[in-house]
Amino acid sequence: MIQTWIADITPLLNNQIYEKYYTDLPKWRKEKADRLHYAGDRARSVGAWILYQHMREEYGISREAVYNLSHSGRYALCSVKVENAAGSGDTAIFQNEERVTRLGCDIEMIKDFRPGIAKRFYCPAEEAFILEQEDETCRAEAFYRYWVLKESFLKATGQGLKLDLRSFEISIEHGQPVLIRQPEEYPERYYYREYQVTAGDAKAAVCSTDSNFGKLRTADIFHR
């Protein structure tokens, strides 16, 4: 099962609270945060890692478990592959050469619709779906909906932006996202799960070769 948690990292913008959680990071993760220029970016990077560590503890998974992180605005998102997930003490499915679960998650704050980006990077049918929405607010919602769907697939392949965004196509004409065209080098069947962020100010999606998704869990782990 793919379990996904979300957390509000706003408390980490307070330097004293940030330092409290930063201290617990491994050296390489501290160095990654230190390379970021803005306090908000550092808070999101640290917050996503701490969220992942809480999931590891909750489900009893090892460092070899398949996972993915994302963050945007005031949110951190983490998806983890666990086996028979029903609570703490569950065991991770490990990556191996015979069977690797592909997994990517993405979250993005909803901002203004960006028609130039849609025309340049989205497939014609994806762009048309956005433009057909009834007003600018709905078009922005559809644009960022596609954004996280596209990004989560890129991350699931492990290629990121090395992969052409037009080399795969997603249809949501019937309400649910479906990958209707994909690169030949990634022939596995991919599944999507979209999540509704409670505040309604962001879009979130998970893409995986595992079709079993858990509910989104809000983790209140950063305390002032």
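What comes next is a walk through the structure. (Residues numbered from 1 in each chain as written. Predicted model: local features only at pLDDT ≥ 70, side-chain atom pairs only at ≥ 80, totals over all residues. Heavy atoms only, no water.)

## Some details on helix α6 (residues 136–157)
Look at α6: 32 Å from first C-alpha to last across 22 residues, which is about the 32 Å you get at 1.5 Å a residue. Burial analysis of α6 places 16 of its 22 residues in the buried class, the great majority of the element. For α6, the N-terminal capping position is held by Asp 135, with its side-chain oxygen 3.2 Å away from the main-chain nitrogen of Thr 137. Immediately downstream of α6, the backbone of Gly 158 shows phi near 85°, a positive value. (Helix = DSSP H or I, 4+ residues; strand = E, 2+ residues; numbered from the N terminus. Expected span 1.5 Å × (residues − 1). Buried < 20%, exposed > 50% of the residue type's maximum accessible area, 1.4 Å probe, protein only. Polar contact = N/O pair within 3.5 Å; in protein donor to acceptor, adjacent residues only side chain to side chain.)

## Digging into the pattern of salt bridges
This model, assessed by the stated rule, comprises 13 salt bridges. With its nearest N and O atoms 2.9 Å apart, the salt bridge here joins Glu 188 to Arg 102. In this pair, Glu 188 sits in the loop between β6 (178–181) and β7 (191–196) while Arg 102 sits in the loop between β3 (75–81) and β4 (103–109), placing the two residues 86 residues apart along the sequence. Arg 181 is paired through a salt bridge with Glu 169; the nearest N and O atoms lie 3.6 Å apart. Of this pair, Arg 181 sits in strand β6 while Glu 169 sits in strand β5 (residues 169–171), and the two are 12 residues apart along the sequence. On the basis of relative accessibility, which here comes to 35%, the residue Arg 181 falls in the partly exposed class. (Salt bridge = Lys/Arg side-chain N within 4 Å of Asp/Glu carboxyl O.)

## Section: the sheet that holds β4
Across the sheet, which stays open at both edges, the three strands sit in the order β4-β8-β7 with antiparallel pairing between neighbours. The open sheet has two free edges, formed respectively by β4 and β7, since each of these has just one partner strand. The mean inter-strand angle of the sheet, taken between neighbouring strand axes irrespective of direction, is 15°. Sitting on the sheet, α6 is in contact with β4, β7 and β8 (202–208), with an inclination near 150° to β4. (Pairing = 2+ DSSP bridges. Axes fitted to C-alpha atoms, helices over the stretch in contact; angles between N-to-C directions. Contact = heavy atoms within 4.5 Å.)

## With respect to the sheet that holds strand β9 (residues 213–218)
Picture the strands of a sheet paired through backbone hydrogen bonds; they go either parallel or antiparallel. Taking strand neighbours across the sheet as the criterion, the four strands line up as β2-β3-β1-β9 in an open arrangement whose pairing is mixed. At either end of the open sheet lies a strand with only one pairing partner, and these are β2 (67–72) and β9. The sheet shows a mean angle of 15° between the axes of neighbouring strands, taken without regard to direction. When strand β1 (residues 2–8) meets β3, the two strands line up antiparallel, connected through seven bridges. Following the sheet pairing, Ile 6 is matched in β3 by Leu 77.

## Some thoughts on the nonpolar core
Formed by 29 residues in total, the largest nonpolar core has its most connected members in Leu 12, Val 46, Leu 51 and Phe 222. Listing elements by their share of this core, those giving two or more residues are β1, α1 (15–22), α3 (39–59) and β3. The biggest single contributor to this core is α3, with nine residues. If we ignore the near neighbours within four places in the chain, the residues touching Phe 222 are Ala 7, Asp 8, Ile 9, Pro 11, Leu 12, Tyr 21, Gly 47 and Ile 50. Formed by 27 residues, the second largest nonpolar core is a distinct cluster that contains Trp 147, Phe 168, Leu 179 and Tyr 192. (Core = buried A, V, L, I, M, F, W, Y, C linked by side-chain atoms within 4.5 Å.)

## Remarks on the packing of aromatic side chains
Following the criterion strictly, the structure yields 16 aromatic pairs and no others. Plain terms: the ring middles of Tyr 144 and Trp 147 are 5.5 Å apart, the flat faces sit at 25° to each other, and that makes the pair stacked. Placement of the pair is Tyr 144 and Trp 147 together in helix α6, with a separation of three residues, close to one helical turn. Taken individually, Tyr 144 and Trp 147 each receive the classification buried, so the pair is uniform in this respect. Measuring from centroid to centroid gives 4.4 Å for Phe 153 and Phe 168, while their planes differ by 45°, and the two rings are tilted. Separated by 15 residues along the polypeptide, Phe 153 in helix α6 and Phe 168 in the loop between α6 and β5 bring together distant segments of the chain. With a relative accessible area of 0%, Phe 153 lands in the buried category. One aromatic cluster is present, built from ring pairs that chain together Phe 113, Tyr 122, Phe 129, Phe 143, Tyr 144, Tyr 146 and Trp 147. Between the NZ or CZ atom of Lys 150 and the centre of the ring of Phe 168, over which it lies, the distance is 4.3 Å. (Phe/Tyr/Trp six-rings, centres within 6.5 Å; stacked < 30°, edge-to-face > 60°. Lys NZ or Arg CZ within 6 Å of the ring centre and 35° of its normal.)

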